[in-house]
Amino acid sequence: MNSDVFFYNFLNRYDIVLDDNYNKIKEKYYYDKIDIINKNRTENRTENRTENRTENRTDYNIYFKLFDKYKHLSNNINFIYYIIILYYLDDNKLLNYIRFLNCKLNNFNLIKKENLINFSILREYKKIELIKYLKILIDYHTDILLFFIISIQNYL
C-alpha cells in the first residue's frame, strides 16, 4: 500500500484531527532534512530560531530518531507518515501493535527471541519507552524496518 493512502486511511479510520503538532512535526522534519542535505548549518542563527528548534526537538525528537539509521532510504520511504502516525497513535494501540510485531518477528525468525521484551514488561512502559523499544527493533536490521512498514499498514 502506498504510504500516502495508508496515512489518510489511518486518519479516517481513527477519526484523527490533525492539530498544530502535525504542522510542527512536518516543519521540523522537512527543515532538518534540508539542513542535512545542505550540510552547512550556520553559526549565525538568531537566538529566537535556536530556542524554537530546541523547544521543538524536545517534543518530537524521539520520533525523528526512530529512523535515523535509515536516512539513506528517505528518498524511497516517506518516513514522515510513520512518524506522524506513531505520534498520534494512543498508548494502548501502540502497545498492542508492538505485541503483534514481537509475535510476528519471533514467528518469522527475523530477530532472536532474547532481543524481544516480554509483553508483561512492555505493558508497564510509557509511550516514549515503547517508541525507544521500537527503535531498537527497527535498528536491528533493514528487514525489520521493512517488516515494520508492512505490518503497521496491515495492523492499523
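Structure first, text after, so check above.
Let us look at the structure shown here. No experiment lies behind these values; they were computed from the predicted model shown. (Residues numbered from 1 in each chain as written. Predicted model: local features only at pLDDT ≥ 70, side-chain atom pairs only at ≥ 80, totals over all residues. Heavy atoms only, no water.)

Thoughts on the overall build of the protein
When helices and strands are tallied, the protein shows eight helices and zero strands. Ordered by position from N to C terminus, the α and β elements of the protein give α-α-α-α-α-α-α-α. Counting only residues that meet the buried cut, the protein has 38% of its 156 residues in that class. Carbon and sulfur atoms make up 48% of the accessible area of the protein, which amounts to about 9,500 Å² in all. (Helix = DSSP H or I, 4+ residues; strand = E, 2+ residues; numbered from the N terminus. Buried < 20%, exposed > 50% of the residue type's maximum accessible area, 1.4 Å probe, protein only. Areas by Shrake-Rupley, 256 points an atom, 1.4 Å probe, with all protein chains shown as cover.)

With respect to helix H1 (residues 3–13)
Along H1, the residues classified as buried are Ser3, Phe6, Phe7, Phe10 and Leu11. Looking straight down H1, one finds its buried side chains confined to an arc of 135°; they lie on one side. Facing away from the buried surface of H1 by more than 90 degrees, the exposed residues are Asn12 and Arg13. (Arc of directions from axis to C-beta.)

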